[in-house]
Structures are given as structure tokens and as C-alpha cells.
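Letter by letter, the chains look like this.
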Amino acid sequence: NHLLPSLSVFLFFKFRKSSQKVVLLSGLSLSGKTLLFARLVYSKYFESCTSLKENVGNFTYEKKNIKIVDLPGEDRLRNKFFDQYKSSAKGIVYVLDSSTVQKTLRDVAESLYVILADPQVQSSRVNILVCCNKQDQTLAKSSSVVKTLLQKELNLVRRTKSNQLEDTNDVAANQTFLGNPDKDFEFSDLYNQVSFCDTTGLDSASEYDVEQLQDWMVTL
């Protein structure tokens, strides 16, 4: 009986440690993910290059401590590390370059589709934030415009995926139909709550804006 209080304290701290919130940063290469990671974790800018492995760090804001995992942007590596970390994710931040989104729209939609249609992400009701980065660029599209563009493109991606499954008679063990099958794709029809924000990560040491991203993370 004398061991019970000590065991309770041990389990309490063990649970607290294991229950630390984990947020994944995902997105295509050159979207600015790693720069945002540096801003959040180290509050500074540093030169980054295409990474072959994940970056892991802790972000503290308003007395909350969150573990951030920055996934590589290259397709094969991104999916590999996403599969490795998705079961522990409380939130997923999908970062895109809002100044080139019209050129990369199909690739962005397809990589975002992988996240949204993942059974683990859906069953855990992981919150997702689409981060429209590089708002300081002249051709940058606002998050409201990006949302409209993505909904239209995801509608096309969804149709393509559905046709592929029909052609192969696949029961879709690893993919579930995204949204309401009786209407065009809308983020509001998903199991997961999907939000949008605008961020700016300039190369200078002081001028950047990640406040919307920070505020979203502390609500998880």
C-alpha cells in the first residue's frame, strides 16, 4: 500500500510527458516550412535547404509547450515521415507558397488530399490548418482566395481518385471518399476541422508574421 502514492505520482508524470501535443508541418518543397519551424522554435531566421529528414523542436507559447515536427517536402520522404508521425499528431499544418499556388495547385491539392483522406487522420479527428505562407510576395494569394482555388481543385482530384478506384475494383482500404458525394467538394463537409491562415516569413531577422499560426496551435 505504501507504494501506491509513489506509483500514482509516477503514472501522472508519465502521462503528462506522453500527452505532449504534437503538430506536424507538411507541404511541398520551397513552401517555407522550415523557415516557419525556425521562427516558432528558435524565434529567428536561418538558411535552410531541402532536407532528407525531419526537424523536431519544442514551441512554447502562452505557457503551452508543443512538439513541432517539420517533415521533408520531397514527395517520397514527406509521405514516409508522415506515416511515421501521423498517429501522434494533434494538429497538422499544411504550408503552401501563396505566391506560386496557381502554378503548383494540382500538386498542392494532391498532397493535401493524401492527408485529408488518411483513415488515421480522420478517425483521430486531427485539426488541420492550411497555412498560406509568403504573404509578403507581390503575387501572393490571400487565404480566402486559396481556399476557393483548393476546393475546386480537390473536387477534380476527388473525382480522379474515385474513377481510379472504380477501374480497379478497389475497395479503397487506405482511402475514404472525401466530403459529401452528392455535392462539389467543400472543406466544411469533412470529418476534420480545416482552418486557413496567412503567414509571412521574411529573410530579415525581425520582419515576419506567424501570429495566426501560433494562436491556432495553442487552441489544440
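Throughout, residues of each chain are indexed from 1 in the direction in which the sequence is written. It should be noted that, the model being predicted, local features are given only for residues of pLDDT at least 70 and side-chain atom pairs only at 80 or more, the latter also being counted only at that level, while totals for whole chains, interfaces and linings use all residues. Note that water and hydrogens are dropped before the side-chain values are worked out from all heavy atoms of the structure.

The name an unreviewed UniProt entry assigns to the chain is Signal recognition particle receptor subunit beta, from the organism Diaphorina citri. UniProt, in the comment section headed Sequence similarities (unreviewed entry), describes the chain in these words: "Belongs to the SRP receptor beta subunit family." Checking UniProt for the chain, the heading Subcellular location (unreviewed entry) contains the comment "Endoplasmic reticulum membrane". UniProt positions are given in the numbering used here, feature names are shortened, and annotations may be inferred rather than shown by experiment.

Counting from the N terminus, the helices are the DSSP runs of H or I reaching at least four residues and the strands are the DSSP runs of E reaching at least two. Tracing the chain through its elements places Arg78 in helix H3 (residues 75-85). On the basis of relative accessible area, Arg78 is assigned to the buried category, the value being 5%. In protein, a polar contact means a hydrogen-donor-capable atom and an acceptor-capable atom, both N or O and within 3.5 Å, with residues adjacent in sequence counting only if both atoms are side-chain atoms; elsewhere, any N or O pair within 3.5 Å suffices. Separated by 2.4 Å, the side chain of Arg78 and the backbone oxygen of Gly73 make a polar contact. Residue contacts follow a heavy-atom distance rule, with two residues in contact if any of their heavy atoms lie within 4.5 Å. Each residue touching Arg78, except ones within four places of it in the same chain, is listed here: Ser26, Gly27, Leu28, Leu71, Pro72, Gly73 and Ser111. The buried label applies to any residue whose accessible area, calculated with a 1.4 Å probe on protein chains only, is under 20% of its type's maximum; exposed applies above 50%, and partly exposed to all values in between.

This part is about the nonpolar core. Put simply, buried Ala, Val, Leu, Ile, Met, Phe, Trp, Tyr and Cys residues joined by side-chain atoms within 4.5 Å make one nonpolar core. Counting residues in each nonpolar core, the largest one holds 37 residues, and the members touching the most others are Leu24, Ile92, Leu96, Leu116, Leu150 and Phe187. Listing elements by their share of this core, those giving two or more residues are strand S1 (21-26), H3, strand S4 (91-97), helix H4 (101-116), strand S5 (127-133), helix H6 (143-168) and strand S6 (194-198). For this core, the element with the most residues is H4, which contributes eight residues. Formed by 21 residues, the second largest nonpolar core is a distinct cluster that contains Val41, Phe59, Val93 and Cys131.

A few words now on the pairing of S6. Of all five residues in S6, five are buried, a share of seventy percent or more. Burial along S6 is two-sided: Val194, Phe196 and Asp198 and Ser195 and Cys197, pointing in opposite directions, are all buried. Here the rule is simple: two strands pair whenever DSSP picks up at least two bridges between them. Note that S5 and S6 share five bridges and pair parallel. Residue Cys131 lies in a different strand from S6, and its bridge partner there is Cys197.

Time to look at the environment of Val22. Along the chain, Val22 turns up in strand S1. Sequence separation between Val22 and Ile66 is 44 residues, and the spatial gap between their C-alpha atoms is 5.9 Å.

Only residues whose relative accessible area exceeds 30% and that form no salt bridge enter a patch; like-charged residues are grouped when within 9 Å of one another, and nonpolar side chains (Val, Leu, Ile, Met, Phe, Trp, Tyr) when within 5 Å. Per-residue accessibility takes into account occlusion by the displayed protein chains alone, with areas from the Shrake-Rupley method and a 1.4 Å probe. Any carboxyl oxygen of Asp or Glu within 4 Å of a side-chain nitrogen of Lys or Arg constitutes a salt bridge here. Neither His nor the chain ends contribute to the count of charged residues, in which Lys and Arg are positive and Asp and Glu negative. Each charge is placed at NZ for Lys, CZ for Arg, CG for Asp and CD for Glu. Together, Glu62, Asp209, Glu211 and Asp215 give the surface a local cluster of negative charge. With respect to the secondary-structure elements, Asp215 resides in helix H7 (residues 211-218). The partly exposed category is assigned to Asp215, whose relative accessible area is 32%.

Glancing now at empty space enclosed by the protein. Computed over the protein atoms alone on a 1 Å grid, cavities are sets of points where a 1.4 Å probe fits but cannot get out and pockets are open sets with protein on both sides within 12 Å along at least five of seven lines; a residue lines them when it has an atom within 4 Å of a point. Grid points are joined across faces, edges and corners, and a volume is the space filled by probe spheres set on the points. Following the criterion strictly, the structure yields one cavity of 30 Å³ or more and no others. Of the pockets and cavities examined, the largest cavity occupies roughly 40 Å³. The wall of the largest cavity is formed by Ser26, Arg78, Asn79, Phe82, Ser111, Val114 and Ile115. Counting only elements with at least two residues in the lining of the largest cavity, the list comes to H3 and H4. Each residue gets one of three labels, nonpolar for Ala, Val, Leu, Ile, Met, Phe, Trp, Tyr, Cys and Pro, charged for Asp, Glu, Lys and Arg, and polar for the others, Gly among them. Within the lining of the largest cavity, the residues separate by chemical class into three nonpolar, three polar and one charged.

What follows concerns the side chain of Lys33. Structurally, Lys33 can be placed in helix H2 (residues 33-42). Within polar-contact distance, the side chain of Lys33 engages the side chain of Asp70 at 3.0 Å. Those residues in contact with Lys33 that lie beyond four places of it in its chain are Leu25, Ser26, Gly27, Leu28, Asp70, Leu71, Pro72, Gly73 and Val95.

In this scheme Phe, Tyr and Trp rings, the latter by its six-membered ring, pair at centre separations within 6.5 Å, and the angle between planes marks the pair as stacked below 30 degrees, edge-to-face above 60, and tilted otherwise. All chains considered together, the criterion is met by four aromatic pairs. Aromatic pair Phe37 and Tyr42: ring centres 6.2 Å apart, planes at 80°, arrangement edge-to-face. Ring centres of Phe187 and Phe196 lie 5.1 Å apart, and the angle between their planes is 75°; this geometry places the pair in the edge-to-face category. The residues Phe187 and Phe196 share a single accessibility class, namely buried. Here the aromatic cluster, defined as three or more aromatic residues joined through ring pairs, consists of Phe185, Phe187 and Phe196.

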